[in-house]
Amino acid sequence: MTNKRALIVSALVSAVLCTTGVAIAQDKFKIGLILPMTGPFASTGKQIEAAARLYMAQNGETVGGKKVELIVKDDTSAPDVTKRIAQELVVNDKVNVLAGFGLTPLALATAPIATQSKTPLVVMAAATSSITEASPFIIRTSFTLPQASVSMADWAPNNGIKKVVTLVSDYGPGIDAEKYFKDRFLFNGGQVVDTLRVPMRNPDFAPFLQKVRDLKPDAMFVFVPSGAGAALMKQYAERGMDKAGIKLIGTGDITDDDILNGMGEVAVGVVTSHHYSTSHNSAVNKKFVAAFEKANAGLRPNFMAVGGYDGMRVIYEAAKATKGGSGEELLAAMKGQIFESPRGPMFIDAQTRDVVHNIYIRKVEKVNGQLYNQEFETLKDVKDPGKKK
Ligand code: DHB
C-alpha cells in the first residue's frame, strides 16, 4: 500500500468506527460503580474505589476479550440519587454490571432497576441481611450484620459478659445487629437490659451513653456504620465508661481499620467480631495490604476495601467465564464462586447469592506503636443467619 492509500483506508476506518459507536461500546465491559464519594460516608467510597482500581491494576484492563471500563459515580449517600444514577448507567451507558452501594437504603432503592434490566448488582458494602432478597440479580461481597452479631453473642457469655445494653444505628443493619445479638445472647443465658437506637446521621451519643452508665451493664454492644466509630469511642472515653467497668463490644464496624489508629488508648482491649482485619495473617492479605498502602499514600484498607476488591474479583471471573455475556449469564457465573480473599476463604452461596466466610473474634492491640484488630478466634464458614433457607 502506498502512503496515500494507507491514509485513505485509515480515514475510512475511522469514519466507520465513528458511526458504529454502539458496536464499539459492546466491545467494552462496563462496570458502573456507585458510591458515596462525598458527605459523611465518603470514607466508604474512597476505600472501595481505591480497591477496585487496585484490582484492575493487578489483573489487567481486558477481560473475556473486552476492555474494562470502570465508571465511578458519587451518589452522596442519597437513595433517590443512587437509583437515578443506576438508571442512567443502565439506559445510557449500557453497563454490564452495577456495583458499590455504600449503605443499605442505597442498595434497596436500586434493587428494582437490577430486576427490570436484568443487570447483576454487586453489593460491596451494605450489610442488612434482607438486601439479597430485594432482587434475584443481587450478589453480595461485603458481609451481613447477623453473621457478625451472632458470633459476638456466642463469645461474650463465655467471657464474663452476662448483662448487656445494645446501642445501634436506627436503620437496617443496626436493627439486624440488635435483633440477632439479642436473640442469641438470651438463648445463651445472657440478659439484655435495654436496646437503644441512635439516629443514623449525625448522632449525638451523649444522652444514650449516660443511660448506659446508669444501667451499669457488664458491656455495651454497639453497631454504628463505618466511619462513625471514632465519635462514639471519644464520648465513651470522655464519660469514663471504660473506667466504670462497662466494656465496649460490637461488630468490627466500630473499630474500623481506617480510623482505628486515631482512636487512641481507649480502643485498646476492645473486642469485636468481623470478617476482615487489616492484620489478618495470610500471604494473600499481606500482599493486598502492602499493594493498597503503596497505591494510596499509606491508607490502610478496611473491610469496605475488601468488599470492593472481592467484588471486582467476582465480576472479572464472571466476565472471563462468559466472555462478557448477558446479565443472566454473568449472574449465573457469579453464583458459587469460591476463592481465597484477603479476609480468608470465601464463597458466594449459589442459593442465597450471599457471602459465606469466616467471622473472627478480635481484640484491639498496639503492635509497633499502631493499633490493630488482632484476630484470636475463628468461626469457620459462617452463612448469613438471616436467611430463611
Ligand atoms: C452498612 C454501612 C456500613 O458503613 C457498615 O459498616 C455496615 C453496614 C449498611 O448501611 O448496610
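Residues numbered from 1 in each chain as written. Predicted model: local features only at pLDDT ≥ 70, side-chain atom pairs only at ≥ 80, totals over all residues. Heavy atoms only, no water.

**Student:** So, the overall build of the protein: which residues are in play, and what are the values?
**Tutor:** The secondary structure content of the protein amounts to 13 helices and 15 strands. Overall, the C-alpha framework of the protein stretches about 90 × 45 × 35 Å when taken along its three principal axes. A burial count over the protein gives 54% of its 389 residues as buried. Across the protein, contacts joining residues at least 24 apart in sequence account for 68% of those joining residues at least 6 apart. Within the structure as shown, the protein displays about 15,900 Å² of accessible surface, and the carbon and sulfur contribution to it stands at 54%. For the protein, the centre of its 46 positive side-chain charges and the centre of its 39 negative side-chain charges are spaced 3 Å apart. (Helix = DSSP H or I, 4+ residues; strand = E, 2+ residues; numbered from the N terminus. Buried < 20%, exposed > 50% of the residue type's maximum accessible area, 1.4 Å probe, protein only. Contact = heavy atoms within 4.5 Å. Areas by Shrake-Rupley, 256 points an atom, 1.4 Å probe, with all protein chains shown as cover. Lys, Arg positive; Asp, Glu negative; His and termini not counted. Charge placed at Lys NZ, Arg CZ, Asp CG, Glu CD.)

**Student:** Kindly report on the confidence of the model for the protein, identifying the contributing residues and their values.
**Tutor:** With 93% of its residues at a pLDDT of 70 or more, the protein has an overall mean of 94. In this model, residues 12-25 is a region of pLDDT below 50 whose contacts with residues beyond four sequence positions or in other chains number two contacts. (pLDDT = per-residue confidence, 0-100.)

**Student:** Give me the lowdown on helix H5 (residues 104-117), citing residues and values where you can.
**Tutor:** Across its 14 residues, H5 extends 20 Å between first and last C-alpha, which sits within 8% of the 20 Å expected from 1.5 Å per residue. Residue Thr 110 marks the point of greatest curvature in H5, where the axis turns by about 35°; the proline Pro 112 follows within four residues. Every buried residue of H5 is listed here: Thr 104, Leu 106, Ala 107, Thr 110, Ala 111, Ile 113 and Ala 114. Packed against the buried residues of H5 are helix H4 (79-91), strand S5 (121-123), strand S6 (138-140) and helix H7 (172-187). In the segment just after H5, Lys 118 is the residue with positive phi, at about 55°. (Expected span 1.5 Å × (residues − 1). Bend = angle between axes of the 7 residues up to and from the residue.)

**Student:** Account for helix H6 (residues 145-155), naming residues and giving values.
**Tutor:** Every α-helix carries 3.6 residues per turn, so stepping three or four residues along brings you back to the same face. Taken across its eleven residues, H6 has ten buried, putting it largely inside the fold. Those residues of H6 not exposed but buried are Leu 145, Pro 146, Gln 147, Ala 148, Ser 149, Val 150, Ser 151, Met 152, Ala 153 and Trp 155.

**Student:** Which residues make up the packing of aromatic side chains, and what are the values?
**Tutor:** Think of a pair of aromatic rings as described by two things: how far the centres are apart, and how the planes are tilted against each other in angle. Counted under the stated rule, the structure contains nine aromatic pairs. Seen from their ring centres, Tyr 55 and Tyr 316 are 5.1 Å apart, and the 75° between their planes marks the pair as edge-to-face. Taken together, the residues span a long stretch of sequence, with Tyr 55 in helix H3 (residues 42-59) and Tyr 316 in helix H12 (residues 303-322) at a distance of 261 residues. Just as Tyr 55 is buried, Tyr 316 falls in that class too. Geometrically, the ring pair formed by Phe 143 and Phe 303 is edge-to-face, given 5.9 Å between the ring centres and 90° between the ring planes. Pair noted here: Phe 143 is in the loop between S6 and H6 and Phe 303 is in helix H12, with a separation of 160 residues, a long-range link. Connected via pairs of aromatic rings, a cluster forms that spans Tyr 55, Tyr 276, Phe 288, Phe 292, Tyr 309 and Tyr 316. The residue whose ring lies beneath Arg 300 is Tyr 372, and the NZ or CZ to ring-centre distance is 4.1 Å. (Phe/Tyr/Trp six-rings, centres within 6.5 Å; stacked < 30°, edge-to-face > 60°. Lys NZ or Arg CZ within 6 Å of the ring centre and 35° of its normal.)

**Student:** How would you sum up the sheet that holds S5? Please name residues and give values.
**Tutor:** What the six strands build is an open sheet, ordered S2-S3-S1-S4-S5-S6; its pairing is mixed. In this open sheet, the two strands that pair with only one neighbour each are strand S2 (62-63) and S6. Sitting on the sheet, H12 is in contact with strand S1 (28-35), S2, strand S3 (66-74), strand S4 (97-100), S5 and S6, with an inclination near 160° to S1. (Pairing = 2+ DSSP bridges. Axes fitted to C-alpha atoms, helices over the stretch in contact; angles between N-to-C directions.)

**Student:** Can you lay out the packing of H4 against H5 for me, pointing to particular residues and giving the numbers?
**Tutor:** Following both chains from N to C, one finds H4 and H5 inclined at 25°, their axes separated by 8 Å at the closest point. The angle between the axes of H4 and H5 places the two elements in the roughly parallel class. Along this stretch, H4 crosses H5, giving a crossing that reads as right-handed. Where H4 abuts H5, its residues Pro 79, Thr 82, Lys 83, Ala 86, Gln 87 and Val 90 lie against Pro 105, Leu 106, Ala 109, Thr 110, Ile 113 and Ser 117. (Parallel < 35°, antiparallel > 145°, perpendicular 65-115°, else oblique. Left-handed = near helix turned anticlockwise from the far one by under 90°.)

**Student:** Lay out the pattern of salt bridges in plain terms, naming residues and giving numbers.
**Tutor:** Taken as a whole and judged by the stated rule, the model has 18 salt bridges. Of the charged contacts in the structure, one is a salt bridge between Arg 300 and Asp 257, with a shortest N-O distance of 3.7 Å. Pair noted here: Arg 300 is in the loop between helix H11 (283-295) and H12 and Asp 257 is in helix H10 (residues 257-260), with a separation of 43 residues, a long-range link. Each of the two residues, Arg 300 as well as Asp 257, counts as buried. One salt bridge connects Asp 349 with Lys 383, and the closest N-O pair in it is separated by 3.4 Å. Residue Asp 349 is located in the loop between strand S13 (344-348) and strand S14 (355-367), and its partner Lys 383 is located in the segment after strand S15 (370-382); the two are separated by 34 residues in the primary sequence. A single salt-bridge network, built from bridges that share partners, covers Arg 140, Asp 354, Asp 384 and Lys 387. (Salt bridge = Lys/Arg side-chain N within 4 Å of Asp/Glu carboxyl O.)

**Student:** Could you give an account of the site of the ligand, with specific residues and numbers?
**Tutor:** Surveying the vicinity of the ligand reveals 14 residues, the closest of which are Thr 104, Ala 127, Tyr 171, Ser 226 and Asp 253. At a separation of 2.9 Å, an oxygen atom of the ligand approaches a polar backbone atom of Ser 226. Asp 253 has a polar side-chain atom sitting 2.5 Å from an oxygen atom of the ligand. In isolation the ligand exposes 290 Å². Once the protein is present, 100% of that is buried. Across the shell around the ligand, the residue classes tally to nine nonpolar, four polar and one charged. (Near = heavy atom within 4 Å. Polar contact = N/O pair within 3.5 Å; in protein donor to acceptor, adjacent residues only side chain to side chain. Nonpolar A, V, L, I, M, F, W, Y, C, P; charged D, E, K, R; others polar.)

**Student:** Tell me about unusual backbone geometry, residues and numbers included.
**Tutor:** In this model, Lys 323 sits at a positive phi of 50°, which is unusual for a non-glycine residue. The residue Lys 323 is located in the loop between H12 and helix H13 (327-334) in this model. Here Lys 323 falls in the exposed class, since its relative accessible area comes to 61%. A positive phi angle, close to 45°, is found at Asp 381, a residue other than glycine. Structurally, Asp 381 can be placed in strand S15. By relative accessible area, Asp 381 is classed as partly exposed at 47%.

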